[in-house]
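Inside the fold
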Amino acid sequence: MTGPAGSGAGDGAGDGAGIRRVVLARTDSTNAEALRRLAAGEAAPFWVLADRQTAGRGRRGRPWVSPAGNFYGSVALRPGGDAGQAALRSFTAALALAETLDGLGLDPARLALKWPNDVLLDGRKLAGILLEGTSQRGALALVVGIGVNLASAPPPGAVEPGAVPPVALAEAGLRLTPDAFLDALAPRFAALEAEFAARGFEPIRAAWLARAARLGQQITARLPGRQITGRFETVDETGAVVLDTPAGRQHLPAADIHF
Amino acid sequence: MSKSDHTSDVKFIAALAALLREHDLSEVEVRRSFGEDDTLDVRVARGTLAAPQMQPAPAPVHHAAAAPAPAAASAVAEAPEDPAQHPGAVTSPMVGTAYLQPEPGAPAFVSVGDKVSEGQTVLIIEAMKTMNQIPAPRAGTVKRILIEDGSPVEFGAPLLILE
């Protein structure tokens, strides 16, 4: 079996169809569930998929509203390498999502990636990704949590002022169940993960940059207690967003990006 | 434990000067004593400048106002050399932003004086929207917290001292 057709940079080495899946009617958060299973010693990789989340979460405690019909899944990994390398899965996951959507027939020109891992459809937020990692018995454990608005999106007023407005895939005429979406996503993610293992970050970085939103334009990075505006120059080899500012070039490993 | 020599003194002073600039402080006073119970006392002050942001403060949840802020047995962010070489130092596994609380407004993971068990999350380092929970490498007592909530940290930077 091969992954869905797409711009696929992968070589098919990692067929994700065989990856174990845990499917739950509801859970607090698929990330939390996946981390608990890793802590209990379950063999990785595996996916946790839930119909609903009762405590879905985004970055820094932001809730991720999780009604039935949308995709809530986390892939659990025990990545080799250091924590900085592990965090580069942000880009792998965002790219896997975009390539999955290509494969489902969406026009790639309608999709863009917002640093580091938001997936935008027609400039609106279709999907969010939050990774959580820890060290368990001296080895890294990592979960990549992915939320995709398949059927519905929160009303525009429900997101923070200044945030990218949300959109659902159904609005683009594509209707998929979470299971069917994972059938397409899991092999795509596995193929990119295999490519990352074989060739490192560079091909992922290049493919991500080719789909980057606002590359070369002014963007604002919000950090705790300050913000930096500059021209979005690139993403460096560590994954940091690089802004060209009047005060010089700044490499930022963590920030909220605003357009 | 490293002996202070002239070079490290100069580095330490340079680092303090950088902190003054970075945090718009007008004064910083540091008293360190090495020995059995190795203490660090810090006092920082900021003249009449307002905008209390990222100012080293005695406790992670406490934000000092513009007035002089006496701080007992707390720490200077990114204090050079000594904390990193402390045998009880817990260091950052990556470049990123450090958070002392699971989310804004929540209680801190740990405070100075807390006893922690091995594996307990003591803080989070974020990079690329990856939240890395930093576990205590062993059981012990939190002696110092060396970073501010939301401050940038480098790979290997000392985060807290656990004894």
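Located above this text is the structure these notes cover.
Described below are features of the structure shown in this document. (Residues numbered from 1 in each chain as written. Chains lettered and ligands numbered in written order. Predicted model: local features only at pLDDT ≥ 70, side-chain atom pairs only at ≥ 80, totals over all residues. Heavy atoms only, no water.)

1. With respect to the overall build of chain A
When helices and strands are counted, chain A shows five helices and 12 strands. By the compact-globule yardstick of 18 Å for 259 residues, chain A fits well, its C-alpha radius of gyration being 17 Å. Dimensions along the principal axes, computed over C-alpha positions, put chain A at roughly 50 × 40 × 35 Å. Within chain A, buried positions represent 54% of all 259 residues. For chain A, contacts bridging at least 24 residues in sequence account for 64% of all contacts bridging at least 6. Counting only carbon and sulfur atoms, one obtains 52% of the accessible surface of chain A, whose full area is about 10300 Å². Separation of charge centres in chain A, based on 27 positive and 25 negative side chains, amounts to 5 Å. (Helix = DSSP H or I, 4+ residues; strand = E, 2+ residues; numbered from the N terminus. Rg over C-alpha atoms; globule rule 2.2 N^0.38 Å. Buried < 20%, exposed > 50% of the residue type's maximum accessible area, 1.4 Å probe, protein only. Contact = heavy atoms within 4.5 Å. Areas by Shrake-Rupley, 256 points an atom, 1.4 Å probe, with all protein chains shown as cover. Lys, Arg positive; Asp, Glu negative; His and termini not counted. Charge placed at Lys NZ, Arg CZ, Asp CG, Glu CD.)

2. Let's talk about the sheet that holds strand 6 (residues 115-116) of chain B
Two orientations exist for strands paired in a sheet by backbone hydrogen bonds: parallel and antiparallel. The sheet built from four strands is open, its strands ordered 4-11-9-6 (chain B) with antiparallel pairing. Each having just a single partner strand, strand 4 (89-91) and strand 6 of chain B make up the two edges of the open sheet. (Pairing = 2+ DSSP bridges.)

3. Details of the interface of chain B and chain A
Taken residue by residue, the interface counts 24 residues in chain B and 31 residues in chain A. The largest per-residue losses of area from chain B upon contact with chain A belong to Met-128, Lys-129 and Met-131 of chain B, which jointly make up 36% of the total buried on that side. Here chain B and chain A share two salt bridges between them. With a closest N to O distance of 2.8 Å, Asp-118 of chain A and Lys-129 of chain B form a salt bridge. Counting the contacts that link chain B with chain A gives 13 residue pairs in polar contact (both at pLDDT 80 or more). Secondary-structure elements contributing two or more residues to the side of chain B that touches chain A are strand 5 (96-99), strand 7 (121-127) and strand 8 (130-135) of chain B. When grouped by side-chain class, the residues that make up the side of chain B that touches chain A number 12 nonpolar, eight polar and four charged. (Buried area = accessible area lost by both parts, 1.4 Å probe. Salt bridge = Lys/Arg side-chain N within 4 Å of Asp/Glu carboxyl O. Polar contact = N/O pair within 3.5 Å; in protein donor to acceptor, adjacent residues only side chain to side chain. Nonpolar A, V, L, I, M, F, W, Y, C, P; charged D, E, K, R; others polar.)

4. Considering the packing of helix 3 (residues 89-103) of chain A against helix 4 (residues 178-199) of chain A
All names here are of chain A. Closest axis-to-axis distance for the helix 3/helix 4 pair is 9 Å, and the angle between their directions is 135 degrees. Our classification of the angle between helix 3 and helix 4 gives oblique. In this structure, helix 3 crosses over helix 4, and the sense of that crossing is right-handed. Mapping the contact onto sequence places Arg-89, Thr-92, Ala-93, Leu-95, Ala-96, Leu-97, Glu-99, Thr-100 and Leu-101 in helix 3 and Phe-181, Ala-184, Leu-185, Arg-188, Phe-189, Leu-192, Glu-193 and Phe-196 in helix 4. Each residue belonging to the contact of helix 3 with helix 4 can be placed in one class, and the counts come to 11 nonpolar, two polar and four charged. (Axes fitted to C-alpha atoms, helices over the stretch in contact; angles between N-to-C directions. Parallel < 35°, antiparallel > 145°, perpendicular 65-115°, else oblique. Left-handed = near helix turned anticlockwise from the far one by under 90°.)

5. A closer look at the nonpolar core
Residues and elements named next belong to chain A. Within the largest apolar cluster, 82 residues are counted, with the highest numbers of intra-cluster contacts made by Phe-71, Ile-146 and Trp-208. Here the element with the most residues in this core is helix 3; it accounts for eight residues. Not counting residues within four places of it along the chain, the set of residues in contact with Trp-208 comprises Phe-91, Ala-94, Leu-95, Leu-113, Lys-114, Trp-115, Pro-116, Phe-232 and Val-235. Counting nine residues, the second-largest nonpolar core is a separate cluster that includes Val-22, Leu-35, Phe-46 and Ala-141. (Core = buried A, V, L, I, M, F, W, Y, C linked by side-chain atoms within 4.5 Å.)

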